[in-house]
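# Analysis of the macromolecular model
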Amino acid sequence: MKIAIGSDHAGKDLKAFVIDFLSLTNNTILDYGVASDSAGSVDYPDYADIVASEVSNGRADRGILICGTGLGMCIAANKFSSVRAALVFDEFTTRMSRAHNDANVLCLGSRTINHQRAVDFVKIWLSTEFEEGRHRQRLTKIAAIERRNCGLVE
Ligand code: RB5
């Protein structure tokens, strides 16, 4: 899979740790910053914008976004068509974000979970399949909400 990843200043150390793990896998990693050696603070929507856009356009299969809480990244990423970004905080929400919600962007909070736990969540998230069935019709309804609120057909 092609995985786009981005963070703000609060998430850059965890991003580097996650990239170290991902580089041991067969996935292609697209790192959109912020650079590990950058100084000062940056605005998380700028990084959510790039990563979510890559997923929305199909240039990346999945995205991972990291900020202090994961909240801002999640809010921003979900503004993109076809993006289902999920902020997870334990094994259960991580697994469900894939199995029931088919989340294609994972949001992590660097100030709420430690590095190893974050990588554990990434492993679960990458290895859990969407369950389809009744969950598909719910995603179809989410897509309909998206189209309606973008002023498109419905
Ligand atoms: C930056 O201080 C912080 O607001 C940001 O990383 C994130 O937690 C926003 O949701």
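One structure accompanies this document, and this report is about it. Per chain, residues are indexed from 1 in the order of the written sequence. Selection of residues for local features in this predicted model requires a pLDDT of at least 70, selection of side-chain atom pairs for listing and counting requires 80 or more, and totals for whole chains, interfaces and linings are taken over all residues. Hydrogen atoms and water are omitted, and side-chain values are computed over all heavy atoms in the structure.

A few words on the site of the ligand. Every residue near the ligand is listed here: Asp 8, His 9, Ala 10, Tyr 44, Cys 67, Gly 68, Thr 69, Gly 72 and Arg 111. Note that an oxygen atom of the ligand is positioned 2.8 Å from one of the backbone N or O atoms of Gly 68. Measuring from an oxygen atom of the ligand, one finds a side-chain N or O atom of Arg 111 at 3.3 Å. Under the scheme applied here, ten amino acids are nonpolar (Ala, Val, Leu, Ile, Met, Phe, Trp, Tyr, Cys and Pro), four are charged (Asp, Glu, Lys and Arg), and all others, including Gly, are polar. Among the residues making up the shell around the ligand, the classes are represented as 3 nonpolar, 4 polar and 2 charged. We call a residue near a molecule or strand whenever a single non-hydrogen atom of that residue lies within 4 Å of it. Polar contacts, as counted here, are pairs of nitrogen or oxygen atoms within 3.5 Å of one another; within protein the pair requires one atom able to donate a hydrogen and one able to accept it, and residues that are adjacent in sequence qualify only if both atoms are side-chain atoms.

Time to look at helix α6 (residues 134-149). Numbering of helices and strands runs from the N terminus, with a helix taken as a DSSP run of H or I at least four residues long and a strand as a DSSP run of E at least two residues long. For a helix, the expected span equals 1.5 Å multiplied by the number of residues minus one. With 16 residues, α6 should cover 22 Å at 1.5 Å per step; its first-to-last C-alpha distance of 24 Å lies within 8% of that length. The complete set of buried residues in α6 reads His 135, Leu 139 and Ala 144. Every residue pair with non-hydrogen atoms within 4.5 Å of one another is taken to be in contact. Residues of α6 that are buried sit in contact with α4 (91-99). To sort residues, take the accessible area from a 1.4 Å probe on protein chains only and compare it with the maximum for the residue type: under 20% means buried, over 50% means exposed, and anything in between is partly exposed.

In this section: the pattern of salt bridges. Where charged atoms of side chains with opposite charge meet at close range, the side chains can pair. A pairing counts as a salt bridge when a side-chain nitrogen of Lys or Arg comes within 4 Å of a carboxyl oxygen of Asp or Glu. Counted according to the given criterion, the structure contains 6 salt bridges. Where Glu 54 meets Arg 59, a salt bridge forms, and the shortest distance between an N and an O atom there is 2.7 Å. By relative accessible area, which is 10% here, Glu 54 ends up buried. The exposure class assigned to Arg 59 is partly exposed, which follows from its relative accessible area of 45%. A salt bridge links Glu 91 to Arg 117, with the nearest nitrogen and oxygen atoms 2.8 Å apart.

Core analysis: the largest hydrophobic core is formed by 21 residues, its most contacted members being Val 18, Leu 22, Ile 64, Leu 106, Leu 108 and Val 122. Looking at this core, the elements with two or more residues in it are β1 (2-7), α1 (12-22), β3 (62-67), β5 (105-109) and α5 (115-127). Among the elements that take part in this core, α5 stands out by supplying 6 residues, more than any other. Residue contacts for Val 122: discarding those within four places in its chain leaves Val 18, Phe 21, Leu 22, Ile 64, Leu 106 and Leu 108. We call a set of buried residues a nonpolar core when its members are Ala, Val, Leu, Ile, Met, Phe, Trp, Tyr or Cys and they connect through side-chain atoms within 4.5 Å of each other. Of all hydrophobic cores here, the second largest spans 18 residues; its members include Ala 48, Met 73, Ala 76 and Val 83.

Two rings from Phe, Tyr or Trp (for Trp, the six-membered ring) form a pair when their centres sit within 6.5 Å of each other. Planes less than 30 degrees apart are called stacked, planes more than 60 degrees apart edge-to-face, and all others tilted. In total, this model carries 0 aromatic pairs according to the counting rule given. Whether a charge sits over a ring comes down to the Lys NZ or Arg CZ being within 6 Å of the ring centre and within 35 degrees of the ring normal. When the ring centre of Trp 125 is taken as reference, the NZ or CZ atom of Arg 62 above it lies at 4.7 Å.

Moving on to the environment of Gly 11. Among the structural elements, Gly 11 can be located in the loop between β1 and α1. You can call Gly 11 buried: its relative accessible area is 0%. Gly 11 sits 65 residues away from Ala 76 along the chain, and the two C-alpha atoms are 15 Å apart. With residues up to four places along the chain from it excluded, the contact list for Gly 11 reads Ile 66, Cys 67 and Ser 110.

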